[in-house]
Amino acid sequence: MSGLKSSLPETLATAVKATSTDWQSGGKMQRLWERDATLWTGADEANWLGWLDIVEEQIAQQDQLQKIAKEVQQRTFQHVLLLGMGGSSLCPEVLRMTFGRATHYPTLHVLDSTDPAQVKAFEHQIDIPKTLFIVSSKSGSTLEPNIFKQYFFERTKQAVGAVRVGSHFIAITDPGSKMQQVAETDRFLHVFFGRPSIGGRYSALSNFGMVPAAVMGMDTKKFLTRTAEMVNACGPSVAIEENPGAALGIILGTAATTGRDKVTIITSPGISDLGAWLEQLLAESTGKLGKGIIPVDRESLAAPDVYGKDRVFVYVRLESGADADQDAKVAAIEKAGHPVVRIAMANTYDLGAEFFRWEIATAVAGAIIGINAFNQPDVEASKIATKSLTSEYEKTGSLPAEKPIVEDSGIKLFTDEINAAELAKAAGGDQSLAGYLKALLARLKAGDYFAVLGYIQMNAEHELTLQTLRHAVRDKKGVATCLGFGPRFLHSTGQAYKGGPNSGVFLQITCDDPVELPVPGQKFTFGVVKAAQARGDFQVLAERGRRALRVHLGSNVRAGLAALLAAVQKAL
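I will try to describe carefully the structure that is included in this document.

Thresholds applied
Residues numbered from 1 in each chain as written. Predicted model: local features only at pLDDT ≥ 70, side-chain atom pairs only at ≥ 80, totals over all residues. Heavy atoms only, no water. Core = buried A, V, L, I, M, F, W, Y, C linked by side-chain atoms within 4.5 Å. Buried < 20%, exposed > 50% of the residue type's maximum accessible area, 1.4 Å probe, protein only. Helix = DSSP H or I, 4+ residues; strand = E, 2+ residues; numbered from the N terminus. Contact = heavy atoms within 4.5 Å. Pairing = 2+ DSSP bridges. Right-handed = clockwise from strand over helix to strand, strands pointing away. Axes fitted to C-alpha atoms, helices over the stretch in contact; angles between N-to-C directions.

## As for the nonpolar core
Ranked by internal contacts, the top residues of the largest apolar core, which has 93 residues, are Trp277, Phe355 and Trp358. At 12 residues, the largest contribution of residues to this core is made by helix H14 (residues 351-369). What Phe355 contacts, discounting residues up to four positions off in sequence, is Cys91, Val94, Leu95, Ala204, Leu205, Phe223, Leu274 and Trp277. Core analysis: the next-biggest nonpolar cluster, separate from the first, contains 36 residues, Tyr436, Leu440, Val473 and Leu564 among them.

Below, the structure is given as structure tokens:
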């Protein structure tokens, strides 16, 4: 079941061997399965290990999953729109992109952005009277799923009437949550419960992942049965070197503590979205207390000499759909002496097994790094900053005024006082966009990473431009690069950016929204929420002493992105 091979530089291989011996002799996998919190920090870790035996429970409750799948089929829904964020949306998105639409089942869509243009784009993709909405929120108090629900509940009520609207909605939430109360009051079709002892990013194999899987027509019994094989392979009595989760976690954790903390994820085309789920799991679990793993996803493969000594490459290869070009490039990277871990996946139904392997690996890596792998303190800080700004808007009707440090060709630059002083000094007399970008990029040094944080609509055109930008920086500066769209990355990599190693240089991108969209029952709009999230995010980055600059594009996002890319290329 392992399907894992590694090629490591001698010093790393020696350290990994020593760590494996320590885990074997110390019975540390037994301690993990016994939920021994002292394996991490001795805090509340034992309360968050419910994912260890969720697969067994899900297999026992197969009839519930099959029942909802059949009911959705009989109702002849053509679309399912999942409204979620972070752990409640990333797994369904991977399943959607991997398995597509099954015959005689509805198409699954996943909304996890407060960008008003994106919300409207999803609304245009569906036919509301023929759509089932899944409101997915573990706590039931997360801002984004709640306002998504308010918006689409109102739209659906207008389309099908107040009597029938509830029958177009199901909720996935923890027992006793505010969302359960809302669902019961609004007479939702069903409420499915999560397990309180499973955090969002470890919830893929719980109802948060498996209810959407069933509704979109996946064979959940086959999926979970295959996953159970991996659960057994990662069990407490399996020798460490033969344990697929422990072996991976020991490599990643040991590498991170010896300077190789940029885990570069390479996936075959047929499982290309797996990296987005892995990003959250790795970054939010390990990136805290100034330590952690920085996952690098969707970075195109380059010649081996582009990469520094802070990288570990993990190649998840789909045996039934491997890419020859990827194979050749990974082989060259390995031959050049970079650490490479290879994971073989027989076919897409092994995805659940990979979810579990990586959950074990992340818990193991977290123990080695020396952090609580199950909390997310800096995500909470960002939420608090956002809440303060939206509350201000509710009271006054506007967000606090802000003054740009530079304005050039309709693009405004913002940052905090400390970063502003550093950038002004480095830019000298060059008060242009390119001048300030050059000053920002000059702050990158060996072992750093560059992250683009785009609070704009996530679509193919914007993705292409920002990918071009990140690769230009990687190739010129020789550093790892990350790209996230806001606000979704706040519930994912945002934790590591704020709480992990202070080795990131951040370029945040915001815009004026050409489309404005009200949130029913609130004074604030989707655009105001997104702006508050961006400002709250930046505020916490600044408080944590991060090197960061915000570029505000105005309302013509296409033209603004083109100007930004040109300025970055000039700055390089």
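Let us keep going from here.
## Some thoughts on the pairing of strand S2 (residues 79-83)
With respect to burial, S2 is a largely interior element, five of its five residues being buried. The alternating pattern of S2 places His79, Leu81 and Leu83 on one face and Val80 and Leu82 on the opposite face, and all of these are buried. Here S2 pairs with strand S3 (residues 107-111) via five bridges, running parallel. Bridging across to S3, Val80 finds its partner in Leu108. Assessed by its sense of winding, the connection that carries the chain from S2 through helix H5 (residues 90-99) to S3 is right-handed. By the bridge criterion, five bridges tie S2 to strand S4 (residues 131-136) in an arrangement that is parallel. Its bridge partner being in S4, Leu81 is matched across the sheet by Phe133.

## Description of the sheet that holds strand S12 (residues 411-414)
Strand order in the open sheet made by the six strands is S11-S12-S16-S15-S13-S14, with mixed pairing throughout. The open sheet is flanked by strand S11 (406-408) and strand S14 (480-485), the only strands paired with a single partner. Neighbouring strand axes in the sheet, compared pairwise and without regard to direction, differ in orientation by 20 degrees on average. As paired strands, S11 and S12 are joined by three bridges and run antiparallel to one another. Pairing of Val406 across the sheet is with Leu413, part of S12. Strands strand S13 (449-454), S14 and strand S15 (504-510) of the sheet are contacted by helix H18 (residues 460-477), whose axis makes an angle of about 160 degrees with S14.

## With respect to the sheet that holds strand S5 (residues 169-173)
Backbone-to-backbone hydrogen bonds join strands into a sheet, with any given pair of strands oriented parallel or antiparallel. If you walk across this open sheet you meet the five strands as S3-S2-S4-S5-S6, and the pairing is parallel. With one partner strand each, in any of the chains shown, S3 and strand S6 (190-193) form the two edges of the open sheet. Strand-to-strand, the axes of this sheet are offset by a mean angle of 20 degrees, without reference to chain direction. Lying over the sheet, helix H9 (residues 207-215) contacts S2, S3, S4, S5 and S6, oriented at roughly 150 degrees with respect to S5.

All we've got here are geometric facts, nothing functional implied.
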